Amino acid sequence: MSKKSKIKAGIIFGMVMSTFFILRDLVTHDNLEIKNLIMFISSGLVGGALAGLIFGSLIGLFVNSKLITQTSKIDTASDETILLETGANHFKGAEGVGGKLYLTNKRLVFKSHKLNIQNHELSISLSDIGKVDRYKTLGLINNGLCVTTRDNKKEKFVVQEIEEWINILTEKNFLCI
C-alpha cells in the first residue's frame, strides 16, 4: 500500500470519526452553550485526527504484513508474465474478500489471502472479457472495477490504483473484444 493510499484512508476515516464524535456529543449533552459547542467540536476534530492517524498506520501494517503478501501469490505458466498487481477485494456474495488482483498477458486473476471466510481464486481469460467499467463502491467511492465476461457474468472488485487498472484494461488491442 502506498504512503498516499494510507494517508487518504486515514483522512477519510478521521473525517468520519470527527463527524461521529461531534454528533455524539451534541446528541448526548443537554448544555449546548457556545463554550461547550466549541469544546465538542475541537475534541471531535482532535479525536478524529488521532483515529485517522492510527487507522491509516494500522491499515498500512496489515496490508504490508507477511501474512498478506506471501499468501496471495499466483502460479503462472512459463509463457505468462504478470503485468500489474495490486491489493483488491472481490465481492463474493455479501463479503468483500481481500486479496490481490493480477493482470497477466493471458488472464485476470484474483487470489484471496488467508484472512477471509470465503478463500478462493478466480481466473478470467482475457479473451473471455467483454467489458470493463468503473463503479462506485456503496454508491459513494469511485474505486470499483466491474469486469463483464462475454457470457454476461459480472465480477466486481475494489482495487488500489483504479486509474491504472482502467487504462490498461481498456487500451485498444489489449482485450480481444
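Residues numbered from 1 in each chain as written. Predicted model: local features only at pLDDT ≥ 70, side-chain atom pairs only at ≥ 80, totals over all residues. Heavy atoms only, no water.

So what exactly am I meant to see when it comes to the overall build of the chain here?
Check the secondary structure of the chain and you find 4 helices and 7 strands. The linear arrangement of helices and strands in the chain, starting from the amino end, is α-α-α-β-β-β-β-β-β-β-α. Expressed as a percentage of the 177 residues in the chain, the buried residues total 38%. Here the analysis covers contacts within the chain between residues at least 6 apart in sequence; of these, 43% occur between residues at least 24 apart. Of the roughly 10,900 Å² of accessible surface on the chain, a fraction of 61% belongs to carbon and sulfur atoms. (Helix = DSSP H or I, 4+ residues; strand = E, 2+ residues; numbered from the N terminus. Buried < 20%, exposed > 50% of the residue type's maximum accessible area, 1.4 Å probe, protein only. Contact = heavy atoms within 4.5 Å. Areas by Shrake-Rupley, 256 points an atom, 1.4 Å probe, with all protein chains shown as cover.)

Hey, could you run me through the side chain of serine 18 in this one?
With respect to the helices and strands, the residue serine 18 is situated in helix H1 (residues 3–28). We classify serine 18 as buried; its relative accessible area is 8%. Ignoring sequence-local partners within four residues, the contact set of serine 18 consists of Gly44, Leu45, Gly48 and Ala49.

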